[in-house]
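Observations on the model geometry
Chain by chain, the residues run as shown.
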Amino acid sequence: MLYFLSILFLFFQTNGKINIENQWIRNAGKGMNTAFFADVKNISTKTDTLYKVASSLARLVQVHETYEENGMMGMREAGNLEIKSSETLKLKPRSFHVMLIGLKKDLKEGQIGEVTLFFKHAGAVKVKARVKNMIE
Ligand SMILES: [Cu+2]
(Lines give C-alpha, C1' and ligand atoms only; values in the text may rest on other atoms or scores of the structure.)
Protein backbone atom coordinates (compact mmCIF):
# COMPACT_ATOMS: atom_id res chain seq x y z
CA MET A 1 0.00 0.00 0.00
CA LEU A 2 2.76 2.42 0.93
CA TYR A 3 4.59 1.49 -2.22
CA PHE A 4 1.47 2.15 -4.26
CA LEU A 5 0.97 5.53 -2.60
CA SER A 6 4.52 6.58 -3.22
CA ILE A 7 4.19 5.66 -6.90
CA LEU A 8 0.97 7.64 -7.12
CA PHE A 9 2.76 10.62 -5.63
CA LEU A 10 5.04 10.77 -8.62
CA PHE A 11 2.22 11.57 -10.98
CA PHE A 12 -0.10 13.72 -8.99
CA GLN A 13 0.15 15.84 -5.86
CA THR A 14 -2.36 18.12 -4.22
CA ASN A 15 -3.04 20.03 -1.05
CA GLY A 16 -6.73 20.44 -1.84
CA LYS A 17 -6.29 23.86 -3.45
CA ILE A 18 -3.50 23.28 -5.93
CA ASN A 19 -2.96 20.14 -8.03
CA ILE A 20 0.48 19.40 -9.41
CA GLU A 21 0.59 17.02 -12.37
CA ASN A 22 3.12 15.72 -14.92
CA GLN A 23 6.03 17.03 -12.88
CA TRP A 24 9.61 16.23 -13.88
CA ILE A 25 13.15 17.53 -13.60
CA ARG A 26 15.65 17.44 -16.44
CA ASN A 27 18.81 15.45 -15.66
CA ALA A 28 22.03 17.41 -15.18
CA GLY A 29 25.36 17.15 -13.40
CA LYS A 30 26.56 18.66 -10.14
CA GLY A 31 27.27 22.39 -10.49
CA MET A 32 25.08 22.70 -13.59
CA ASN A 33 21.72 24.40 -13.99
CA THR A 34 18.51 22.59 -14.81
CA ALA A 35 14.76 23.02 -14.46
CA PHE A 36 11.60 21.61 -12.90
CA PHE A 37 8.46 21.40 -15.01
CA ALA A 38 4.81 20.65 -14.09
CA ASP A 39 1.19 21.49 -14.72
CA VAL A 40 0.02 23.60 -11.78
CA LYS A 41 -3.76 23.67 -11.52
CA ASN A 42 -5.68 25.96 -9.22
CA ILE A 43 -8.62 23.83 -8.03
CA SER A 44 -9.75 26.39 -5.45
CA THR A 45 -12.43 29.04 -6.02
CA LYS A 46 -10.00 31.99 -5.68
CA THR A 47 -7.21 33.33 -7.85
CA ASP A 48 -3.91 32.26 -6.36
CA THR A 49 -0.33 33.46 -6.82
CA LEU A 50 2.86 31.44 -7.07
CA TYR A 51 5.36 33.74 -5.33
CA LYS A 52 8.28 31.56 -4.29
CA VAL A 53 9.96 28.23 -5.02
CA ALA A 54 12.50 26.33 -2.96
CA SER A 55 14.56 23.17 -3.23
CA SER A 56 17.55 21.71 -1.44
CA LEU A 57 18.75 20.34 -4.80
CA ALA A 58 20.30 23.62 -5.92
CA ARG A 59 22.17 26.63 -4.63
CA LEU A 60 19.52 28.99 -6.00
CA VAL A 61 15.93 28.38 -7.15
CA GLN A 62 13.91 30.86 -9.22
CA VAL A 63 10.74 31.00 -11.30
CA HIS A 64 11.82 31.86 -14.83
CA GLU A 65 10.21 32.73 -18.10
CA THR A 66 11.72 32.27 -21.53
CA TYR A 67 11.51 35.22 -23.91
CA GLU A 68 12.55 35.99 -27.44
CA GLU A 69 14.14 39.26 -28.47
CA ASN A 70 15.57 40.01 -31.91
CA GLY A 71 15.58 36.29 -32.68
CA MET A 72 17.54 35.46 -29.52
CA MET A 73 16.14 33.32 -26.73
CA GLY A 74 16.78 34.30 -23.14
CA MET A 75 15.51 33.61 -19.63
CA ARG A 76 14.68 35.95 -16.80
CA GLU A 77 12.96 35.85 -13.42
CA ALA A 78 9.21 35.80 -13.92
CA GLY A 79 8.11 37.43 -10.67
CA ASN A 80 4.79 36.42 -9.12
CA LEU A 81 2.56 34.29 -11.33
CA GLU A 82 -1.21 34.50 -10.96
CA ILE A 83 -3.35 31.44 -11.57
CA LYS A 84 -7.10 32.00 -11.81
CA SER A 85 -9.58 29.54 -10.34
CA SER A 86 -9.74 26.34 -12.48
CA GLU A 87 -6.83 27.48 -14.62
CA THR A 88 -3.54 25.67 -15.14
CA LEU A 89 -0.10 27.23 -15.20
CA LYS A 90 2.09 25.14 -17.47
CA LEU A 91 5.71 25.04 -16.41
CA LYS A 92 7.32 23.65 -19.56
CA PRO A 93 10.42 23.95 -21.72
CA ARG A 94 10.69 27.30 -23.58
CA SER A 95 8.07 28.81 -21.29
CA PHE A 96 7.70 29.29 -17.55
CA HIS A 97 9.87 26.92 -15.49
CA VAL A 98 11.44 26.55 -12.09
CA MET A 99 15.16 27.11 -12.57
CA LEU A 100 17.50 25.06 -10.39
CA ILE A 101 20.78 26.97 -10.41
CA GLY A 102 23.99 25.30 -9.27
CA LEU A 103 23.00 21.69 -8.53
CA LYS A 104 24.48 20.37 -5.29
CA LYS A 105 24.72 16.83 -6.70
CA ASP A 106 24.20 14.93 -9.93
CA LEU A 107 20.57 14.43 -10.91
CA LYS A 108 20.40 11.20 -12.87
CA GLU A 109 17.53 9.72 -14.81
CA GLY A 110 15.13 7.85 -12.51
CA GLN A 111 16.10 9.69 -9.33
CA ILE A 112 13.50 11.64 -7.37
CA GLY A 113 13.92 15.31 -6.52
CA GLU A 114 11.83 17.52 -4.28
CA VAL A 115 10.72 21.07 -5.01
CA THR A 116 8.37 23.20 -2.89
CA LEU A 117 6.06 25.76 -4.48
CA PHE A 118 4.63 28.56 -2.30
CA PHE A 119 1.22 30.10 -3.01
CA LYS A 120 -0.43 33.10 -1.35
CA HIS A 121 -3.66 31.22 -0.60
CA ALA A 122 -2.82 27.53 -0.89
CA GLY A 123 0.43 27.80 1.07
CA ALA A 124 3.30 25.43 0.46
CA VAL A 125 2.99 22.45 -1.88
CA LYS A 126 5.84 19.96 -1.71
CA VAL A 127 6.34 18.09 -4.96
CA LYS A 128 8.34 14.96 -5.67
CA ALA A 129 9.42 14.74 -9.29
CA ARG A 130 11.24 12.13 -11.32
CA VAL A 131 14.43 13.07 -13.09
CA LYS A 132 14.13 12.50 -16.83
CA ASN A 133 16.43 12.74 -19.78
CA MET A 134 14.12 14.58 -22.10
CA ILE A 135 14.84 16.92 -24.95
CA GLU A 136 11.82 19.08 -25.65
CU1 LIG B 1 15.60 29.42 -16.57
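Residues numbered from 1 in each chain as written. Predicted model: local features only at pLDDT ≥ 70, side-chain atom pairs only at ≥ 80, totals over all residues.

Some details on the overall build of the protein
Selection criterion: Helix and strand definitions follow DSSP, with helices as H or I runs of at least four residues and strands as E runs of at least two, each counted in order from the N terminus. The exposure scheme places C-beta atoms from the backbone and then counts, for each residue, the other C-beta atoms within 10 Å of its own, assigning buried at 20 or more, exposed at 12 or fewer, and partly exposed in between. We call two residues in contact whenever the C-beta atoms placed from their backbones are within 7 Å.
Helix and strand content of the protein: 1 helix and 11 strands. Start at the N end of the protein and walk to the C end: the helices and strands fall as α-β-β-β-β-β-β-β-β-β-β-β. Relative to its 136 residues, the protein shows a buried fraction of 26%. Long-range pairs, those at least 24 residues apart, make up 67% of the contacts in the protein with a sequence separation of at least 6.

Examining the confidence of the model for the protein
The following threshold applies: Confidence scores here are pLDDT values: one per residue, from the predictor, ranging 0 to 100.
Residues with a pLDDT of 70 or more make up 90% of the protein, whose mean pLDDT is 91. Taken element by element, the predicted model of the protein shows its lowest mean pLDDT in helix H1 (residues 2-9) (53) and its highest in strand E9 (residues 97-103) (98).

Digging into the nonpolar core
How we decide: By definition, a nonpolar core groups buried Ala, Val, Leu, Ile, Met, Phe, Trp, Tyr and Cys residues that connect through C-beta atoms lying within 7 Å of each other.
In this structure, Phe36 and Val40 are the most contacted members of the largest nonpolar core, which totals 27 residues. The set of elements that each furnish at least two residues to this core consists of strand E2 (18-26), strand E3 (34-42), strand E5 (58-69), strand E8 (88-91), E9, strand E10 (112-119) and strand E11 (123-132). Of all the elements, E3 adds the most residues to this core, at 5 residues. Each residue touching Phe36, except ones within four places of it in the same chain, is listed here: Gln23, Ile25, Leu91, His97, Val98, Leu100, Val115 and Ala129.

A word on unusual backbone geometry
At Asn22, a residue that is not glycine, the phi angle is positive and equals roughly 55°. Examined against the element boundaries, Asn22 turns out to sit in strand E2. In the Ramachandran plot, Asn70 falls in the positive-phi region, its phi being about 50° despite a non-glycine side chain. Relative to the helices and strands, Asn70 is located in the loop between E5 and strand E6 (72-77).

With respect to the pairing of E9
Filter applied, for reference: Here the rule is simple: two strands pair whenever DSSP picks up at least two bridges between them.
As paired elements, E3 and E9 share 3 bridges and run antiparallel to each other. Residue pairing in the sheet places Thr34 in a bridge with Leu100 of E9. With 6 bridges connecting them, E5 and E9 associate as antiparallel partners. The partner of Ala58 across the bridge, within E9, is Leu103.

Some remarks on the pairing of E8
Here E8 shows a clear split, with Leu89 and Leu91 buried on one side and none of Thr88 and Lys90 buried on the other. Sheet topology note: the E3/E8 ladder contains 4 bridges and is antiparallel. Looking across to E8, one finds that Lys41 is bridged to Thr88.

Re the environment of Glu109
Along the chain, the position of Glu109 falls in the loop between E9 and E10. Sequence separation of Glu109 and Arg130 is 21 residues, and the distance between their C-alpha atoms is 7.6 Å. If sequence neighbours within four positions are ignored, Glu109 has contacts with Asn27, Val131, Lys132 and Asn133.

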